Amino acid sequence: MSKAVVDRKALTASVDRGIDKAMPKSLDSMRRRIQGNYKARSRPSRPGESPSVHSFGRMSLQNVQVEYNARKKTGYVGPALLSGQRSLVETDQPLPGLLEGGGWITVPEVSWDGERWFTETRRRRAKPGQKRRKRRVRMAARPAIGPAFNAEVQSGNTLSPWQNVVTNG
């Protein structure tokens, strides 16, 4: 045992290099899987299905961020903050969290006669003489990130930071 000499600094540096190389690849693989779970289609998704995406580009659910902090050896994969034009629908939580786990939303509605109610939109605003109300609606979960994570773990693509980190050379 006295003949075994370990250069701790070299070993730590080698492990850190391996982690810095493996983690971004693993996080990017997760990002691609999450983006693939959002389906581009015109119809709304059914409860339990992955969410439908009706727009593309910067202001889309498919805009998934990947961040890796090499100093802390931590990574983040998740939806980008959707800020911009606000909806008339009120929620207590951001849209990605609402889609993932479900929750309650408040929908504004308008009516001429008080019997038939229509969702108030930016195009269909309440006019003078119309009745208004707010209706609380339970939105069922439409998960995309949880199933993507489970599929990545099952496929073996989520590399442990310690796998194949220390090599000869």
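Described in the following lines is the structure provided in the data block. Since we're looking at a predicted model, the values are computed, not measured. (Residues numbered from 1 in each chain as written. Predicted model: local features only at pLDDT ≥ 70, side-chain atom pairs only at ≥ 80, totals over all residues. Heavy atoms only, no water.)

1. Let's talk about the overall build of the protein
Basically, it comes down to this: A run of DSSP states H or I qualifies as a helix once it reaches four residues; a run of E qualifies as a strand once it reaches two. Both are numbered from the N-terminal end. For each residue, the accessible area found with a 1.4 Å probe, counting protein chains only, is set against the maximum for its type, and the residue is called buried under 20%, exposed over 50%, and partly exposed in between. Note on contacts: a residue pair qualifies if any of its non-hydrogen atoms lie within 4.5 Å across the two residues. Per-residue and other accessible areas follow the Shrake-Rupley method at a 1.4 Å probe size, with only the shown protein chains counted as cover for residues.
Counting its secondary structure elements, the protein contains three helices and eight strands. Listed N to C, the secondary structure of the protein is α-β-β-β-β-β-α-β-β-β-α in terms of helices and strands. With 169 residues in all, the protein has 27% of them scored as buried. Put simply, 54% of the contacts in the protein that link residues at least 6 apart link residues at least 24 apart. Summing over all exposed atoms, the protein offers an accessible surface of approximately 12,000 Å²; the carbon and sulfur share of this is 52%.

2. A closer look at the side chain of Asn37
Position of Asn37 among the secondary structure elements: in helix H1 (residues 8-37). Those residues in contact with Asn37 that sit more than four places away from it in its chain are Ser50, Pro51, Ala144, Pro147 and Ala148.

3. Structural notes on the pairing of strand S6 (residues 103-111)
Put simply, the rule is: A pair of strands is treated as paired once DSSP finds two or more bridges between them.
The element S6 is largely enclosed, with a buried count of eight among its nine residues. Across two bridges, strand S5 (residues 90-91) lies against S6 in antiparallel orientation. Across the sheet, residue Thr91 finds its bridge partner in S6, namely Ile105. Examined bridge by bridge, S6 and strand S8 (residues 131-139) share nine bridges and lie antiparallel to one another. Paired with Ile105 across the two strands is Val137, which belongs to S8. Relative to strand S7 (residues 118-119), S6 runs antiparallel, the two sharing two bridges. Looking across to S7, one finds that Glu109 is bridged to Thr119.

4. A few points about the nonpolar core
Inclusion rule: To define a nonpolar core, start from buried Ala, Val, Leu, Ile, Met, Phe, Trp, Tyr and Cys residues and group those joined through side-chain atoms within 4.5 Å.
Ranked by internal contacts, the top residues of the largest apolar core, which has 19 residues, are Ile19, Ile34, Tyr38, Leu61, Val64, Tyr68 and Val77. Secondary structure elements with two or more residues in this core: H1, strand S3 (64-69), helix H2 (95-101) and S6. Not counting chain neighbours up to four residues away, the residues in contact with Tyr38 comprise Pro51, Val53, Leu61, Gln62, Val64, Ala144 and Ile145.

5. Describing H1
Inclusion rule: Multiplying 1.5 Å by the residue count of a helix minus one yields the expected span of that helix.
The terminal C-alpha atoms of H1, which comprises 30 residues, lie 43 Å apart, in line with the 44 Å expected from a rise of 1.5 Å per residue. Burial in H1 covers these residues: Ser14, Val15, Gly18, Ile19, Ala22, Met23, Ser26, Leu27, Ser29, Met30, Ile34 and Asn37. Tucked into the core, H1 has its buried residues touching strand S1 (39-40), S3, strand S4 (74-79) and helix H3 (145-155).

Everything listed here is a matter of geometry and, on its own, says nothing about what the molecule does.
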